Amino acid sequence: MPITATKQSLLNLPRSVKRSLVMFCDVLICALSVWLSFGLRLDQWDHFKGQQWIVFVIAIGFSFPLFTSFGLYRAIFRYIGSTAFLSITRVFVIYAGIMFCIFTLFGVDDVPRSIGVIQPILLFIGIGASRYFIRSWLGGINNVQKTFHIAQPIALIYGAGSAGRQFAAGLSSNKELLIKGFIDDDPFLWKSTINGISVFPNIDLLDLIRRLDVTDVLLAIPSAAHDRRRAIIASLNGCGVRVRTLPGLIDMASGRVKVSDLHDLDMNDLLGRAVVPPAVDLLEKNIRNKVVLVTGAGGSIGSELCRQIIKFSPQSLILLDSSEHSLYVIYEELKRALTGLGAGHLAREFYDQADLGRSELPIKIVPCLASVRDGDLLRRIFRDHRPNSVFHAAAYKHVPLVEQNPAEGIRNNVFGTSTCAEVSLECGVSQFTLVSTDKAVRPTNIMGASKRIAELVLQAMADIAFKCDHTTNFSMVRFGNVLGSSGSVAPLFSAQIAAGGPITLTHSEVTRYFMTIPEAAQLVIQASAMAKGGDVFVLDMGEPVRIHDLAVRMVYLSGLLVKDKDNPHGDIEIKVTGLRPGEKLYEELLIGDNPQSTLHPKIMKAHEEFLPWGELQLGLEKLNLSLDACDPKLIGDILKKLVPGYLPNDNNSGSK
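Residues numbered from 1 in each chain as written. Predicted model: local features only at pLDDT ≥ 70, side-chain atom pairs only at ≥ 80, totals over all residues. Heavy atoms only, no water.

1. Examining the nonpolar core
The test is simple: Residues grouped as a nonpolar core are buried Ala, Val, Leu, Ile, Met, Phe, Trp, Tyr and Cys residues, joined through side-chain atoms within 4.5 Å. When a residue's accessible area, from a 1.4 Å probe over protein chains only, is under 20% of the maximum for its type it is buried; when over 50% it is exposed; and in between it is partly exposed. Throughout, a residue-residue contact means that at least one pair of heavy atoms, one from each residue, lies within 4.5 Å.
One finds F382, I410, I453, F474, L623 and L639 to be the most contacted residues of the largest nonpolar core, which totals 55 residues. Those residues within four positions of L639 in sequence are excluded, and the remaining contacts are I410, I446, A449, I453, L623 and Y646. Counting residues in each nonpolar core, the second largest holds 41 residues, with V294, L305, I365 and A529 among its members.

Printed below as a string of structure tokens:
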């Protein structure tokens, strides 16, 4: 069997088996050290006499409890370092003291007193040499599979510009991370040194990483174009290194640099997509000096809408949510932000106009614990606070949960939206914006169908407002998945990677549209500013992302490898569990064709048919009766009549 195959076979053994093999080898080394100590002392190599055998018993009897209690069998030997050798030294100081007392100070018949000194020395040499041999022999195999067991991470800084040099200088006295070099695209810097640190070319990165035993690559390329940044990250895929970015330049300039300041790559790096800067005038239009109300304020999208809204000086912000905990969390977060303890992006005028030593906030924030289905309570809240702009983000959005609880999902998503829209119309709200989803397009699940009916409600309401000369401007914004939201795959995959896997994937070919939560929230606010009544805005989500590719990318950028049939010795396995009820392989954003462009390059306007309010109202009444009757078949039949294109499936197939 080739040497490499032998190494791989040993590495593939269960940890308990490998530990048992090491213990057996230690027994042999212990016995050999006793035999050698007698041979060296007495120059007799054939047999033992009298009580000399007791040395074997005592040596083995004391060594193994000490080895175990000091953790000598917990170490991964191919990653063993100076800390483990210090542990071995401490063990042998204690062991040598015991053997010295028994055989040298007190003495045992037939055993020379010098055995109490010679044997511990020989055993120390034997155990230390065996550990060193294992580390040297196995340490070179499959270096790309390193995990974070190495005592001191070794890093390369990608970018030898001012940011990279500042960071290297800030870490010069930090023992948490060893900087082995810079990587740079500029050939004039190659083979040179900066403050004693070598600069390497940006080619053959895998070979360089293996040769230097690198565990981390730190990106110091703040001015790099997005396409170049994406190419660099792609070149590091599969290299077995953790890829992170540097802290802010202010922290680096002040010298307060710690390894804990490093950031994992953000979601835009994972998506490989560029973000268009927001148009400030669109962000301000429906917010500045206005009373703004956000439903579902404690949810993923709702809370981010609130964070974005307070940056643009609303007169007051009304937080409405039915979850006490979620409402409390976002309320406290916004209070901290407004008093300068949380975020530094607020308009400077807040601090010029407000005495932050008082209990009053520069923006009035009102938490309202309420359900959007409670019309009477909503009317009281709207009449008390007179909101100008409403962002309706309250919804049940988890496809499998709504599929199993259709009545509650429909009541909240459809009738909650209808109630909220009717109250907004009655109370003269200027702008009402529904946060919708790509799952509303030709839905295959109840959640998507319920969101499409919510869109139909708003389109019908907009028609009423136009015909009756009401001032309320209804619109909706439809987009795909947001990375980092509750139920999103990215936090789930991160947790599964941290736990050692496996990553669970419903289907290897599932694709989704993605954007980050802040970008989605900003685009929703900007779209609302362009609404003229009944508009269905569609966000440009870029190219759809294959979820399997996202999972692989997250594994690679964590410094690990995917474990599959081509790489059985990888770190993280990806398991396909099968599509869930109502889940699609592919999502769409448009029902019709030929979307119209808008003032914003990432926002399009769709042209889609809707039902007049009278006809829709009859359908909603039938739907409500079917919910009261708890009749799944009747519910499904009514949904099909209200939503053309609704085609439920149980996902034993994965149809589009």
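2. Describing the packing of aromatic side chains
Any aromatic ring pair is given by two values, namely how distant the centres are and how the planes are angled relative to each other. Our working rule: When two rings of Phe, Tyr or Trp (its six-membered ring) have centres within 6.5 Å they constitute a pair, described as stacked for plane angles under 30 degrees, edge-to-face for angles over 60, and tilted for the intermediate range. Secondary structure elements follow DSSP: runs of H or I of four or more residues count as helices, runs of E of two or more count as strands, with numbering from the N terminus.
In this structure the tally under the stated criterion is three aromatic pairs. Both rings, one in F92 and one in Y95, keep their centres 5.9 Å apart while their planes meet at 80°; by these two values the pair is edge-to-face. Of this pair, F92 and Y95 both sit in helix α4 (residues 82–106), separated by three residues, roughly a single helical turn. Using a relative accessible area of 5% as the deciding quantity, one classes F92 as buried. Chaining the aromatic ring pairs together yields one cluster made of F92, Y95 and F124.

3. Quick notes on the environment of V22
Its location among the elements puts V22 in helix α2 (residues 15–42). Its relative accessible area of 13% is what places V22 among the buried residues. In sequence terms V22 and R131 are 109 residues apart; their C-alpha atoms lie 9.5 Å from each other.

4. Details of the pattern of salt bridges
We apply this condition: The term salt bridge refers to a side-chain nitrogen of Lys or Arg lying within 4 Å of a carboxyl oxygen of Asp or Glu.
Here the structure, examined in full by the defined rule, presents 16 salt bridges. The residue E408 makes a salt bridge to R373 at a minimum N-O spacing of 3.0 Å. Residue E408 is located in helix α17 (residues 406–426), and its partner R373 is located in the loop between β10 (364–369) and α15 (375–385); the two are separated by 35 residues in the primary sequence. Residue D535 is joined to K605 by a salt bridge in which the shortest nitrogen-to-oxygen separation is 3.2 Å. Pair noted here: D535 is in strand β18 (residues 535–539) and K605 is in strand β23 (residues 603–606), with a separation of 70 residues, a long-range link. By the burial criterion, D535 is buried, and K605 matches it. Each of R373, E408, R411 and D628 takes part in a single network of salt bridges with overlapping partners.

5. Focus: the packing of α17 against helix α18 (residues 446–467)
Condition: Orientation is described by axes fitted as lines to C-alpha atoms, over the contacting stretch for helices, and by angles from 0 to 180 degrees between their N-to-C directions. Put simply, angles under 35 degrees are roughly parallel, angles over 145 are roughly antiparallel, angles from 65 to 115 are roughly perpendicular, and the rest are oblique. By definition, turning the near helix anticlockwise from the far helix through less than a right angle yields a left-handed crossing, and turning it clockwise yields a right-handed one. Residues are grouped as follows: nonpolar covers Ala, Val, Leu, Ile, Met, Phe, Trp, Tyr, Cys and Pro; charged covers Asp, Glu, Lys and Arg; every other residue, Gly included, is treated as polar.
Running from amino to carboxyl end, α17 crosses α18 at an angle of 15°, the nearest separation of the two axes being 9 Å. When the axis of α17 is compared with that of α18, the two are roughly parallel. The way α17 lies across α18 gives a crossing that is right-handed. Residues P406, G409, I410, N413, V414, T417, S418, A421, E422 and L425 of α17 form the contact with α18, whose own contacting residues are I446, M447, S450, K451, I453, A454, V457, L458, M461, I464 and A465. Of the residues that constitute the contact of α17 with α18, the class distribution is 14 nonpolar, five polar and two charged.

6. Topic: the environment of A59
For A59, the position within the fold is in helix α3 (residues 54–69). Expressed as a C-alpha distance, the spacing of A59 and Y95, which sit 36 residues apart in the sequence, is 8.7 Å. Ignoring any residue separated from it by four or fewer positions in sequence, one finds A59 in contact with C30, V34, Y95, M99 and Q119.

7. Here's the deal with the confidence of the model for the protein
Applicable threshold: Values of pLDDT, which run from 0 to 100, indicate the predictor's confidence residue by residue.
Confidence in the prediction for the protein averages 78 pLDDT; 77% of positions are at 70 or higher. Within the model, the stretch residues 140–151 combines pLDDT values under 50 with 37 contacts to residues more than four positions away or in other chains. Across residues 652–656, where pLDDT falls below 50, the model places 10 contacts with residues more than four positions away in sequence or in other chains.

8. Quick look at the pairing of strand β21 (residues 572–576)
So the rule is basically this: Between any two strands, pairing holds if DSSP finds at least two bridges.
When strand β15 (residues 503–505) meets β21, the two strands line up parallel, connected through three bridges. In the strand pairing of β21, I503 is matched with I574. Sheet topology places strand β20 (residues 562–563) next to β21; two bridges connect them, and they run parallel. Each residue of the ladder has a partner; that of K563, found in β21, is E573.

9. Description of the sheet that holds β15
If you walk across this open sheet you meet the three strands as β15-β21-β20, and the pairing is parallel. Two strands lie at the open edges of the sheet, namely β15 and β20, each paired on one side alone. Here helix α19 (residues 489–498) sits on the sheet and contacts β15 and β21; the angle it forms with β15, its principal contact strand, is near 140°.

10. Observations concerning the sheet that holds β18
Spatial ordering of the open sheet is given by β10-β9-β8-β11-β12-β13-β18-β23-β22, a layout of nine strands whose pairing is mixed. Each of the sheet's edge strands pairs with one partner strand only, and the pair in question is β10 and β22 (596–597). Taken together, the six bridges between strand β9 (residues 316–321) and β10 define a ladder with parallel strand orientation. Bridging from a neighbouring strand, S316 pairs with K364 of β10. Sitting on the sheet, α15 is in contact with β8 (291–295), β9, β10 and β11 (389–392), with an inclination near 170° to β9. Across the sheet, α18 touches β12 (431–437), β13 (473–479) and β18, and the angle it forms with β12 is around 155°.

11. A short note on α18
As a reminder, the rule being used: By this rule, a helix spans an expected 1.5 Å times one less than how many residues it contains. Any pair of N or O atoms that falls within 3.5 Å is considered a polar contact. Within protein, one atom must be able to donate a hydrogen and the other to accept it, and sequence-neighbouring residues count only if both atoms are side-chain atoms.
Taking 1.5 Å per residue, 22 residues should reach 32 Å; α18 reaches 31 Å between its end C-alpha atoms and fits that length. With respect to burial, α18 is a largely interior element, 19 of its 22 residues being buried. The backbone nitrogen of M447 lies 3.4 Å from a side-chain oxygen of the residue at the head of α18, namely N445. Once α18 finishes, D469 follows within two positions and takes phi at roughly 60°, a positive value.

12. Things to note about unusual backbone geometry
Even without being glycine, R386 reaches a positive phi, approximately 50°. Mapped onto the elements, R386 comes out in the loop between α15 and β11. We note that C630 has phi near 55°; this positive angle belongs to a residue other than glycine. Its location among the elements puts C630 in the loop between α22 (613–629) and α23 (632–642).

13. Concerning the side chain of Q526
Secondary-structure assignment places Q526 in helix α20 (residues 517–529). When near neighbours in sequence (up to four residues on either side) are disregarded, Q526 contacts P278, A279, L282, L283, H600 and I603.

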